[in-house]
Amino acid sequence: SKMKPTKQVALAYDSAQKTEDAAPVTIRKNFEETAFFYPQLRTNEQGQIAFSFTMPQSLTSWQFYGLATTKGMMSGELEAIATTSKEFMLVPNMPRFVRVGDKSTIAASIINLSKEQVNGEASMELFNPETEEVIYTQSQKFAVKADSTIAVNFAFTANESSSLLACRIIAKANRFSDGEQRLLPVLTNKEWITESVPMTIRGAETRKFSLKELFNHQSATATNRRLTVEFASNPAWYAVQALPTLSNPVGDNAISWAAAYYANSLASYIVNSQPRLKAIFDKWKTESATKETLWSNLQKNAELKNILLQETPWVMEATTEAEQKQRLSLLFDLNTIQNNNAMALDKLGKLQNSNGSWSWCIGMNGSEYTTSFVLESLCKLAVITGKPLSADALTMQKKAFDYLHAQVAEDYKAEQKLKEKATTINGSTLTYLYLCSLTPDIIPEGNRKAFLYYIEKLPRVIRSLTLREKALAAIILEKATKKAEATDFINSIKEYALTSDEMTRYRISTQVNVLEALQQAGNNEQAVEDIKLWLLKEKRTQTWESPIATVNAVYALLTNGNDLLANNEQAKITLGKQKIPLTADYTKETFSGKNLKPNMTNITVEKRSKGIAWGAVYAQYLEEMSKVSKDSSQALSINKQMYVERTVDNQTTRTPIKDLRYLQIGDKLLVRLILTIGRNMDFVQLKDERAACLEPLNSLSGYQFGSNVGYYQSVEDASTIYFFDELRKGTYLLESSFYVSREGQYASGIATLQSAYAPEFIAHTTSTELVVK
């Protein structure tokens, strides 16, 4: 029976027994054992067994179901509910972030559980957490009745004073006070743009390059301007500089971790095989007291990196030559390499399935493409270094080859059953043959017949292959000692391959395979050097356009043609009227603020010896988000539509936000992303930025399925990122819902759709202003 709280509790239970021995009574709260009681038992006048015990006064409700005794089994249970609270408290409602220019509000609830009204003053203070400098303060009076809650709101406009603010809210009364302090990231309202002018010097010559078209044609709204001159008398420095961005991957997927293992292993190889470079790195380490020169205390906070380091990547850019040196020397520290490789192998082991295949992300199916990429990275490492892989890596390699052997064996059996044999060879089979050529004696006896069948088939399908596939076929046939057949493929490649400085017709993966084929065939030195030059020109300020491209390019540069690490020739560079000092290997000089002179509109490079030297001038700046226009192509297009869902009289309506003057707090906002894919693509990623006033209805990351396509969704503080295994030609619709959580004016951000390994396919939307009242 239900019982009110009391100090003494007496219960009676019918029984034929006159006396019973006491057994412990257990009190449980929310199914957790809280106490034991040993009651005294007696027989009452009605012949019932009665017992009593002291019940804690803090418990407010009890439920009794029975009694356990030493004779016969009866069960009992007591239920209790306890409430703890302060009589007066303040609970803030902070935004996850704000963008510069947002007119936002910070709300807080003031709760009074006392028995009398509380009058006082609430204050909000924004300050710089590094310097404690107060940036903005605001206060307001409040009166909250007994057992009541009120809300207070503080309005402010985010500015560029700091990329991170701290907010302190305090409510003070005569008898009570309470408050909280939180961090508030401030994102820029501008997009980071990079433009470049490539510089190529062939032999002894002097060339002058114009820089007048940079900074968006010298746009007045282009701010935070930085002009970077990067030049390599030794071209291998472009490959060396690309490696740090791979050593600590930003994505938790098999491709990123394979690239990390590749980069760290390659760094170890460079250090051990080039004593001159190792001496340079050792010298850099002594130029600073710590390897963490680039890091502030705020940058070390992992909880801040999702926004401050990912949404504003220039925070991690090295702004001086010394910082850049320390970043490179950290990569080439042997202890760092060992630790990073151990982590990368552990991650790859967890992403490898029992059948030997790798999944791109956790939760996805095993992918033949991902498996081939990881396996290719491992095989190429052995080729470059000339040493076997570690035991763990070899085990993974064997399992992956077993998976590919099984896939090809099935394809072979299926083809043999056909009355008319296929006149083409698929890409996955061709990649398998190429991997086998990189790793001799890997083919099991059961696959030997299939392997030889496809080798014999290659010359017959030459007309159906793409340029990259022809290059792979030439390499495979050359390794199989079929030199005449390989020469036919090389001649076909030469008919189509470009030999200009830029060579922008094909993707990096194609150029790497063409380079490898030309190198193995011999007598193609000039073509090999031309392609190596183009590969380096594809590199941007931090890395090549993707981990896949970087891995392929580094492999090609260090294993083909002339030894790039042996070139010590220097050149003379003049930017405007200022001469830039060059080192023997690699120079990177950045000009910003007062150091960026108005006359720096041209650059002259003078070289007096033979050989190739190259570099680039990069203009980096922030452009106002509102001035970013929609960009699309026939290959990729994305359209972002937003609707407000409201229910009136059980009828739900969707109204485009462009038809509304303003939104209201509590509105449900539907964001619709329409993707138009003009050609079949694999591994496409979509980043959708969102306004600071929106809270996602679904905040969990994981694998999703919608619009006839599966994808991995990563929900972050300022955006949502979608990863697609594949997108076939067609149109796809993605929908996500958000709640409007605070009043003000906010920039919605843009949505960007891009291929992960072919970033020339890219499209983005514009930004929209959201007004909330």
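As a reminder, the structure under discussion sits directly above these lines.
Predicted model only: the values in this text are computed from it and were never measured.

Definitions and cut-offs
Per chain, the residues get numbers from 1 upward, laid out in the order the sequence is written. Totals for whole chains, interfaces and linings use every residue, but because this is a predicted model, local features are given only for residues with pLDDT of at least 70 and side-chain atom pairs only at 80 or more, for both listing and counting. Working from all heavy atoms in the structure, the side-chain values ignore hydrogens and water. Salt bridges, as used here, are contacts in which a Lys or Arg side-chain nitrogen is within 4 Å of a carboxyl oxygen on Asp or Glu. What counts as a helix is a DSSP run of H or I of at least four residues, what counts as a strand is a run of E of at least two, and both are numbered from the N terminus. Accessible area is worked out with a 1.4 Å probe on protein chains only. A residue is then buried under 20% of its type maximum, exposed over 50%, and partly exposed in between. For two strands to be treated as a pair, DSSP must find no fewer than two bridges joining them. Put simply, a nonpolar core is a bunch of buried Ala, Val, Leu, Ile, Met, Phe, Trp, Tyr and Cys residues held in one set by side-chain atoms that sit within 4.5 Å of each other. What makes two residues a contact is simply this: any of their non-hydrogen atoms within 4.5 Å. All axes are obtained by fitting lines to C-alpha atoms, using only the stretch in contact for helices, and the reported angles, taken between N-to-C directions, cover 0 to 180 degrees.

Q: What exactly am I supposed to notice about the pattern of salt bridges here?
A: A side chain of one charge can pair with a side chain of the opposite charge if their charged atoms are brought near each other. Inspection of every chain in the model, using the stated rule, returns 22 salt bridges. In this structure, the salt-bridge partner of Glu125 is Arg168, at a minimum N-O distance of 2.4 Å. Taken together, the residues Glu125 in strand β11 (residues 118-127) and Arg168 in strand β14 (residues 164-173) connect sequence positions 43 residues apart. Classification of Glu125 as partly exposed rests on a relative accessible area of 22%. When its relative accessible area of 24% is taken as the criterion, Arg168 is described as partly exposed. The partner of Lys457 in a salt bridge is Glu415, and the shortest N-O contact between them spans 2.7 Å. Note that Lys457 is positioned in helix α12 (residues 445-457) and Glu415 in helix α10 (residues 391-416), a separation of 42 residues in sequence. Just as Lys457 is buried, Glu415 falls in that class too. Overlapping salt bridges, with partners in common, bring together Glu645, Arg654, Lys668, Arg672 and Glu735 in one network.

Q: I tried to follow the pairing of strand β36 (residues 769-772) on my own but got confused; where do I start?
A: Two faces, one strand: in a regular strand the side chains alternate between the faces of the sheet. Where burial is concerned, the two faces of β36 differ: the one with Leu770 and Val772 is buried and the one with Glu769 and Val771 is not. Relative to β36, strand β33 (residues 744-747) runs antiparallel, the two sharing four bridges. Paired with Tyr746 across the two strands is Leu770, which belongs to β36.

Q: Please clarify how the nonpolar core should be interpreted in this entry.
A: Core analysis: the largest hydrophobic core is formed by 70 residues, its most contacted members being Leu348, Trp358, Leu433 and Leu458. Listed in part, the 64 residues of the second largest apolar core include Val100, Ala108, Val644 and Phe761.

Q: Honestly, the side chain of Lys457 in this entry has me stumped. Any pointers?
A: Residue Lys457 is classed as buried on the basis of its relative accessible area of 1%. Dropping the residues within four chain positions of it, Lys457 is found in contact with Glu415, Ala422 and Thr424.

Q: How should the sheet that holds strand β34 (residues 751-755) be read in this particular structure?
A: In sheet architecture, strand pairing relies on hydrogen bonds along the backbone and comes in two forms, parallel and antiparallel. Reading across the sheet, the six strands line up as β29-β30-β31-β27-β34-β35 and stay open at both edges, with antiparallel pairing between neighbours. Only two strands of the sheet have a single neighbouring strand rather than two, namely β29 (702-706) and β35 (762-764). Pairwise comparison of adjacent strand axes, ignoring direction, gives a mean angle of 20° for this sheet. Taken together, the five bridges between strand β27 (residues 681-689) and β34 define a ladder with antiparallel strand orientation. Looking at the pairing, Gln685 lines up with Gln754 of β34.

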